Amino acid sequence: MTDKIVVLSTCGSEEEAERIASHLVERRLAACVQVLPRIRSIYRWKGAVEKSEEWLLTIKTTRALFEP
C-alpha cells in the first residue's frame, strides 16, 4: 500500500480555495493542490434540497500528514 493519498474538499469561494491551497503547499502539508472552479453542488440540508456553487480542492498529500 502506498502512503500517497488524494483528499477532496470544497470551499464556498475562489478566495477561500486559493488561500487554503497556498497554505497547504507553503507549509508542505500537500505536494500539490488543484483548484477546480465553480462546481454546482446539489444536496439535502435540513429537509430541503439546496444548490450552491463551490470550488473543489484536489489535495495530493501523504497519509502521515492527513488528519481527518
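What you see is a predicted model, and the numbers here were worked out from it, not measured in a lab.

It is worth spelling out the overall build of the chain at this point. Counting its regular elements, the chain contains 1 helix and 3 strands. The order of α-helices and β-strands along the chain, N terminus first, is β-α-β-β. In terms of C-alpha radius of gyration, the chain reaches 14 Å, well past the compact-globule figure of 11 Å for 68 residues. If you line up the chain on its principal axes, its C-alpha atoms span 40 × 30 × 15 Å. The buried share of the chain, reckoned over its 68 residues, is 26%. Taking all contacts inside the chain whose residues are at least 6 apart in sequence as the whole, residues at least 24 apart take part in 59%.

As a further point, take the sheet that holds strand β3 (residues 48-62). The strand order across the open sheet built from 3 strands is β1-β3-β2, with neighbouring strands paired in antiparallel fashion. Every other strand in the sheet has two partners, leaving β1 (4-11) and β2 (32-45) as the edge strands with one partner each. Taking the axes of each pair of neighbouring strands and ignoring which way they run, one obtains an average angle of 30° across the sheet. Sheet topology note: the β1/β3 ladder contains 8 bridges and is antiparallel. Within β3, the residue paired with Val6 across the bridge is Lys60. The strands that helix α1 (residues 14-26) touches are β1, β2 and β3; relative to β2, the one it contacts most, it runs at about 135°.

What follows is about the pattern of salt bridges. Taken as a whole, this structure holds 2 salt bridges when the rule is applied. With a closest N to O distance of 2.9 Å, Lys4 and Asp3 form a salt bridge. Residue Lys4 is classed as exposed on the basis of its relative accessible area, which comes to 53%. Here Arg38 and Glu53 are joined by a salt bridge, their closest N and O atoms 3.7 Å apart. With a gap of 15 residues between them, Arg38 in strand β2 and Glu53 in strand β3 connect regions that are remote in the sequence. For Arg38, a relative accessible area of 58% puts it in the exposed group. Exposure remark for Glu53: the relative accessible area of 41% places this residue in the partly exposed category.

Criteria and thresholds
Residues numbered from 1 in each chain as written. Predicted model: local features only at pLDDT ≥ 70, side-chain atom pairs only at ≥ 80, totals over all residues. Heavy atoms only, no water. Helix = DSSP H or I, 4+ residues; strand = E, 2+ residues; numbered from the N terminus. Rg over C-alpha atoms; globule rule 2.2 N^0.38 Å. Buried < 20%, exposed > 50% of the residue type's maximum accessible area, 1.4 Å probe, protein only. Contact = heavy atoms within 4.5 Å. Pairing = 2+ DSSP bridges. Axes fitted to C-alpha atoms, helices over the stretch in contact; angles between N-to-C directions. Salt bridge = Lys/Arg side-chain N within 4 Å of Asp/Glu carboxyl O.

These figures come from the coordinates and say nothing about function on their own.
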